[in-house]
Amino acid sequence: MSSNEISIGRSNLNDIIIENKVVSGFHAKLVIKGDGSLWIHDLNSTNGVFLNGKRITGKARVMPQDEIRLGTFPFNWQQAILVTSSDNENTGVYDTDSSKISISHDKPQKTSKTKLVWVAAVVVLVGVGIALALTTNVVEQTKEVVAAISNDWDPKNDPIQYDISCLVQETEGGSLIKTIGDAKKDVLGTQDVNITIEEEEEIGQEVKKEIEGEYEYSNDPSYTQGIKKIYDNLINELPNPRFDYEIHVVESEIVNAFTAGGQIFIFTGIIDFAESDDELACIIGHEIYHNELGHITEKLKELKIARNWLGEGWGDLAYYVSSLLSTSFNQENEVYCDLYGLDLAVSAGYSGCAGIEFWTRMSENEGESGKNIFDKFSRSHPYSDERVSCNRTHIDNNYYHSCK
């Protein structure tokens, strides 16, 4: 048996042999990935694989509370993993319809680390289920225990869900900001303006020239090497990036980072403020996604319209982009970038809780002064405590992980 796959079917060549007429010769397989997640694959079976009563197509992720049927046969996958992962001579288990499930010993047996994690999860599932059988939140409490054992970042949703109602519903004036922000696009007619990647890259180069004229890049390896390593880890996890990104460490005490046209600028002030590589990964991921989500494109569309109205001589292109990169009514974009950046950091092996830690400290610096609907309305970024709330809600909704 493979260390991370368990084949299931009627044939004696399977790891799990099910002697039932509704089960195909090679019906399905369980796959345990390197991150500890469990998936079931339908091997083109005649009667299908059903997860929680719904027939799957191809493959689907399996969670501790999930039920699996092979055709009409109820497959006790928890017991199957326990048996196949054991080193003893246990030869089989029986399911509810008395059809035999046996274990093939024709292939060498191995016990993988990821299987042991799932064995522990199943044991916890059974133990907690017995102890809390009369409660209404058995499943959620079991998930939390399993997450605590593995301390991993297994996602609950595939794909991950992005919901920023935390900003609109829980923020004073949030619904007003969304309404006006949406209306602005219609009034300006940005949907009718086209911006090319080449135009975005041109802006990025102009902004780069402006930065180089006003600041110096850091040559301190304690800054540059650490940032380069984090950046490389993130880019390696980014599917089909829109740009050939460049990252620059700017020598300045300003706590800031921004981006334009694939050029990312991170100031030494924000590096000093951050307390871990995890926090910096969330920050850099945030800036990457301003580009990936087309937020810079939207600003350039507004600029094109303004120049058409006011003439070619209006304003300096690079100055406009660098100074007004995130204009009013753009708080939603900032939150989206927080969440996408968090996910990118997690996929690269960093802690998504770091974003909460970073914005919590930023919130302490902000204090309560000026927090009113008028200030909120004119701000280009959400308040830091709102970003903490949105980050926490995103993690709670999408990961089997709990942040302090």
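About the cut-offs
- Residues numbered from 1 in each chain as written.
- Predicted model: local features only at pLDDT ≥ 70, side-chain atom pairs only at ≥ 80, totals over all residues.
- Heavy atoms only, no water.
- Pairing = 2+ DSSP bridges.
- Helix = DSSP H or I, 4+ residues; strand = E, 2+ residues; numbered from the N terminus.
- Phe/Tyr/Trp six-rings, centres within 6.5 Å; stacked < 30°, edge-to-face > 60°.
- Lys NZ or Arg CZ within 6 Å of the ring centre and 35° of its normal.
- Buried < 20%, exposed > 50% of the residue type's maximum accessible area, 1.4 Å probe, protein only.
- Lys, Arg positive; Asp, Glu negative; His and termini not counted.
- Salt bridge = Lys/Arg side-chain N within 4 Å of Asp/Glu carboxyl O.
- Polar contact = N/O pair within 3.5 Å; in protein donor to acceptor, adjacent residues only side chain to side chain.
- Contact = heavy atoms within 4.5 Å.
- Patch = residues over 30% accessible without salt bridge, like charges linked within 9 Å, V, L, I, M, F, W, Y side chains within 5 Å.
- Areas by Shrake-Rupley, 256 points an atom, 1.4 Å probe, with all protein chains shown as cover.
- Core = buried A, V, L, I, M, F, W, Y, C linked by side-chain atoms within 4.5 Å.

Chemist: What's the story with the sheet that holds strand 8 (residues 68-70) in this structure? I'm lost.
Modeler: What holds strands together in a sheet is hydrogen bonding between their backbones, with the strands either parallel or antiparallel. The strand order across the open sheet formed by four strands is 6-5-8-9, and the pairing between neighbours is antiparallel. The strands lining the two open edges of the sheet, one partner per strand, are strand 6 (54-55) and strand 9 (73-75). By the bridge criterion, three bridges tie strand 5 (residues 49-51) to strand 8 in an arrangement that is antiparallel. In the strand pairing of strand 8, Phe50 is matched with Arg69.

Chemist: Help me out: how do you make sense of the packing of aromatic side chains in this one?
Modeler: Remark: the centre distance and the inter-plane angle together describe each pair of aromatic rings, the angle taken between the planes. As enumerated under the stated definition, the model contains nine aromatic pairs in all. The structure contains a cluster of three or more aromatic residues connected by ring pairs, namely Tyr215, Phe258, Phe265 and Phe267. The ring of Phe50 is capped by Arg69, whose NZ or CZ atom sits 4.6 Å from the centre of that ring. Directly above the ring of Phe273 sits Arg361, whose terminal nitrogen or CZ lies 4.9 Å from the centroid.

Chemist: Looking at this model, I keep getting lost on the side chain of Glu292. Mind explaining?
Modeler: Checked against the element boundaries, Glu292 lands in helix 9 (residues 277-292). Of the side chains with opposite charge, Arg242 comes closest to the buried, unpaired Glu292, at an N-O distance of 5.7 Å. At 3.0 Å, the side chain of Glu292 forms a polar contact with the backbone nitrogen of Arg242. Side-chain polar atoms of Glu292 contact the side chain of Tyr245, separated by 2.5 Å. Contact partners of Glu292, with chain neighbours within four places excluded, come to Leu238, Asn240, Pro241, Arg242, Phe243 and Tyr245.

Chemist: Honestly, a nonpolar patch on the surface in this entry has me stumped. Any pointers?
Modeler: Together, Leu13, Phe26 and Leu43 make up a nonpolar patch on the protein surface, roughly 280 Å² of accessible area in all. Assignment of secondary structure puts Phe26 in the loop between strand 2 (16-18) and strand 3 (28-32).

Chemist: Just to check I follow, could you spell out the nonpolar core for this structure?
Modeler: For soluble globular proteins, nonpolar side chains are generally found buried alongside one another. With 41 residues, the main nonpolar core has Ile227, Leu234, Ile266, Ile271, Leu280, Ile284 and Ile288 as its most contacted residues. Elements supplying a minimum of two residues to this core: helix 7 (221-235), strand 13 (246-251), strand 15 (263-267), helix 8 (268-273), helix 9, helix 12 (331-347), helix 13 (353-366) and helix 15 (384-398). Sorting elements by how many residues they give to this core places helix 9 first, with seven residues. Contacts of Leu280, omitting those with residues within four sequence positions, involve Ile227, Ile230, Ile266, Ile270, Ile271 and Ala274. In this structure, Ile18, Ala28, Ala60 and Phe73 belong to the second largest nonpolar core, which totals 23 residues.

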